[in-house]
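Here is how the chains run, residue by residue.
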Amino acid sequence: SSGGKGGAITISSQVNLFSLGINSPAFVSQSIGGGGGATGDSQKFARVGTLNGQGDNSAGDVTINQTGNISTEGIYSSGVLAQSIGGGGGLVGIVSGAVSMGSIKSDAAQTSSSGNVEVNISGIIQTEGNNSPALVAQSIGGGGGWVAQAVGQVDMGAYRTGVSNNDAGIVN
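Residues numbered from 1 in each chain as written. Predicted model: local features only at pLDDT ≥ 70, side-chain atom pairs only at ≥ 80, totals over all residues. Heavy atoms only, no water.

Re the overall build of the protein
Keep this limit in mind: Numbering goes from the N terminus for both helices and strands, where a helix is a DSSP run of H or I of at least four residues and a strand is a run of E of at least two. For every residue, the accessible area (1.4 Å probe, protein chains only) is compared with the maximum for its type, and the residue is labelled buried under 20%, exposed over 50%, or partly exposed between those bounds. Residue contacts are counted whenever heavy atoms from the two residues lie within 4.5 Å of one another. Here the accessible surface of atoms and residues is derived via Shrake-Rupley with a 1.4 Å probe, and residues count as covered only by protein chains that are part of the display.
Counting its regular elements, the protein contains zero helices and 18 strands. Residues classed as buried in the protein amount to 47% of the 172 residues present. The contacts in the protein between residues at least 6 apart in sequence include a share of 85% that link residues at least 24 apart. Carbon and sulfur atoms make up 47% of the accessible area of the protein, which totals about 7700 Å².

What follows is the structure in structure tokens.
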């Protein structure tokens, strides 16, 4: 089945953003083709992406224009997460088991290209928790994303796919 295309996203914000708690990014912007998004914490297994995909599972461009300040206090809490992911994936929280992100077992022709990611920030980004980068910007073709923490095996990207176009865009 086809997971569908992710559309283009443009966000312009002037507000100050603040988050508390574990695995709490302050600003998340995602265009994901083929299925995915964000998961919370899991005691067993996390899976986001396309299974038996076909057709166009591409993602659109992501543009962020932020003039306000951004801060987080918890561990695994990035300030800004901007993703364009073709083929499925996204953001996975804390997982005690295995993680699988991307396109799996796509026998038919599939396009899983990602768009461009542009982040313009004139405010201050401050993160206080461990493993909390200020900015994560990703353009990923074929599936994948960002995992806060995993105890088990982590698989990202295209696996056992047929003819695929998995081009990535430009991150700026």
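Additional details are given in the paragraphs that follow.
Describing the sheet that holds strand E10 (residues 89–95)
Rule in force here: Whether two strands pair comes down to DSSP finding at least two bridges between them. Geometry is summarised by axes, namely lines fitted to C-alpha atoms with helices restricted to the contacting stretch, and by angles between N-to-C directions that run from 0 to 180 degrees.
Across the sheet, three strands lie side by side as E4-E10-E16; this open sheet has parallel pairing. A single partner strand is all that each edge strand has here, and the edge strands are strand E4 (36–38) and strand E16 (144–150). Within the sheet, the average angular offset between the axes of one strand and its neighbour, ignoring direction, is 25°. The pairing of E10 with E16 spans six bridges and is parallel. Bridge pairing in E16 links Leu91 to Trp146.

A closer look at the sheet that holds strand E15 (residues 135–141)
Overall, parallel pairing links the three strands, which are arranged E3-E9-E15 in an open sheet. Since the sheet does not close on itself, it has two edges, and those belong to strand E3 (27–33) and E15, each with one partner. Adjacent strand axes in the sheet meet at a mean angle of 0°, parallel and antiparallel pairs treated alike. Relative to strand E9 (residues 80–86), E3 runs parallel, the two sharing seven bridges.

Notes on unusual backbone geometry
Phi at Asn23 takes a positive value of approximately 55°, unusual for a residue other than glycine. The topology assignment puts Asn23 in the loop between strand E2 (17–19) and E3. Given a relative accessible area of 15%, Asn23 falls into the buried group. The phi angle at Tyr76 is positive, at roughly 55°, despite the residue not being glycine. Structurally, the position occupied by Tyr76 is in the loop between strand E8 (70–72) and E9.

Considering the pattern of salt bridges
Put simply, the test is: Whenever Lys or Arg places a side-chain nitrogen within 4 Å of a carboxyl oxygen from Asp or Glu, that contact is recorded as a salt bridge.
In total, this model carries one salt bridge according to the counting rule given. Its salt-bridge partner being Asp56, residue Lys5 comes within 3.7 Å of it at the nearest N-O pair. Linking Lys5 in the segment before strand E1 (9–13) with Asp56 in strand E6 (residues 55–56), this pair joins segments that are 51 residues apart in sequence.

Quick look at the nonpolar core
This is how it is decided: Think of a nonpolar core as a cluster: buried Ala, Val, Leu, Ile, Met, Phe, Trp, Tyr and Cys residues, connected wherever their side-chain atoms sit within 4.5 Å.
Core analysis: the biggest nonpolar cluster contains eight residues, these being Phe27, Val62, Ile64, Ile70, Val80, Ala82, Val117 and Val119. Secondary structure elements with two or more residues in this core: strand E7 (62–66), E9 and strand E13 (117–121). Counting seven residues, the second-largest nonpolar core is a separate cluster that includes Ala46, Val92, Val99 and Val147.

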